[in-house]
Amino acid sequence: MDKNFKEEFTQIIKFKPPLYKQRHQFVKDLVEKYKPKKVADLGCADCSLLRMLKFCSCIEVLAGLDICANVMKEKMHTLSPLPLDYLQPSERSLTVTLHHGSVAHKDPCMLGFDLVTCIELIEHLQEPELKKFPEVVFGFMAPSIVVISTPNSEFNPLLPGVMLYRHPDHKFEWNQAQFQSWALETARCYDYSVEFTGVGHPPPGMEKAGFCTQIGVFIRKHPQTGESVQSEKPTEAVYKTVFKAVYPSLKDEKYLQNAVISEVIFTAQIIKHRLMSKHEEYGDDPERKSKLQPSMDCFSDYLGKLVVEKNMEPFVNGNEFYIPLATIFSFPKVNRLCGSFEKLCKLIAGKVRLSSDGSAVMLSIEHEDE
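If you're wondering where the values come from, they're calculated on a predicted model, not measured in any experiment.

S.K.: Explain helix H2 (residues 19-34) to me, please; I cannot follow it from the model alone.
M.R.: Along an α-helix, a turn takes 3.6 residues, which lines up residues three or four apart on a common side. The end-to-end C-alpha distance of H2, which contains 16 residues, comes to 23 Å, matching closely the 22 Å that a straight helix rising 1.5 Å per residue would cover. What H2 keeps buried is the set Leu19, Gln22, Arg23, His24, Phe26, Val27, Leu30 and Val31. Those residues of H2 hidden inside the fold are in contact with helix H3 (48-53), strand E4 (115-119), strand E5 (145-151), strand E6 (192-199) and strand E7 (213-220). Just beyond H2, the residue with positive phi is Lys35, at close to 55°.

Structure below.
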């Protein structure tokens, strides 16, 4: 390739989106494809990949590991639940944990993961650590999938200002043949298959340089048995936990109860507003009418079917409006939250005003907003 042509690309090459975002998106796409429940990010640094992955609905356990505790501590607060997470708990459980330690050491807290990511990690390892790395990740942890990304040194001449390595802490940077040789041998030793790809396409005419970031996706060929895991399990933990967050979840009964109570009261109120005459309910207050009308409309057809087909009609007695629990339980969201009518009764007992026989929710006609 002509030297001037090469220098021209050196000045203009720029990745959109930035390369780190492309690497993170690659992992996210893999998560969406394989739906792992437990994911560990080795060399998690500022936790940016973990922050993206916590929104993936399939993931229930996220763990990060890094040799530098200070870097993790600067950003670990971004992994904490937000106020909205408590107001609207998710149906899934999610636990996020950060550990301080080396990928050259084995710790039982890293067992049982479905996916392990090592994004721009191995080039930071000293030779002794790099030698131990395959046994720790592929032999001991033995997840179903391992993703390893590392710089492709053949791309370096196209990057402005890169003389030897892209980062002063890099101990080496492999070309495509070196990375693939190491990856294939590692996969052979630990019974994995590996496919090669990357992110950061080279400019037209420079295709031989390959991707700026080269990636190996390792898939374990055979499930690891419980006995083999147990035989390798060390007796002591060597990592230090620096952060742990347990997100509110509807799998936790206290959050489920709050959600069910809110939904039961909301459903009962909408049914009441739907069935009472507009004149009695809204009077001359158009603002209040506009607030209730959308919810009223969405309940209308469904409620009508319940009343006609199942004879579960709400009724008025004195100053009280009675909505049968069976009617409320028949609404999809309440049904999904509780699972059974017995569970519904248990969760709202003592928390919602019920008729004397416990069969209906009671709402006051005169003080309807209470």
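From this point on, the discussion continues.
S.K.: Where do I start with the packing of helix H9 (residues 253-275) against helix H14 (residues 341-348) in this structure?
M.R.: Closest axis-to-axis distance for the H9/H14 pair is 9 Å, and the angle between their directions is 95°. On the basis of their axis angle, the class for H9 and H14 is roughly perpendicular. Of H14, the residues touching H9 (which contributes Glu253, Leu256, Gln257, Val260, Ile261 and Val264) are Lys343, Leu344, Lys346, Leu347 and Ile348. Across the contact of H9 with H14, the residue classes tally to seven nonpolar, one polar and three charged.

S.K.: Would you explain the pairing of strand E2 (residues 61-66) in this entry?
M.R.: Within a regular strand, side chains alternate between the sheet's two faces. Along E2, five of the six residues are buried, which leaves the element largely enclosed by surrounding structure. Summarising the sheet, strand E1 (residues 38-42) and E2 pair through five bridges and their orientation is parallel. Bridged to Asp41 within E2 is Gly64. Handedness of the crossover joining E1 and E2 through H3 is recorded here as right-handed. Sheet topology note: the E2/strand E3 (residues 95-100) ladder contains six bridges and is parallel. Looking at E3, one finds that Val61 is bridged to Thr95.

What counts and how
Residues numbered from 1 in each chain as written. Predicted model: local features only at pLDDT ≥ 70, side-chain atom pairs only at ≥ 80, totals over all residues. Heavy atoms only, no water. Helix = DSSP H or I, 4+ residues; strand = E, 2+ residues; numbered from the N terminus. Expected span 1.5 Å × (residues − 1). Buried < 20%, exposed > 50% of the residue type's maximum accessible area, 1.4 Å probe, protein only. Contact = heavy atoms within 4.5 Å. Axes fitted to C-alpha atoms, helices over the stretch in contact; angles between N-to-C directions. Parallel < 35°, antiparallel > 145°, perpendicular 65-115°, else oblique. Nonpolar A, V, L, I, M, F, W, Y, C, P; charged D, E, K, R; others polar. Pairing = 2+ DSSP bridges. Right-handed = clockwise from strand over helix to strand, strands pointing away.

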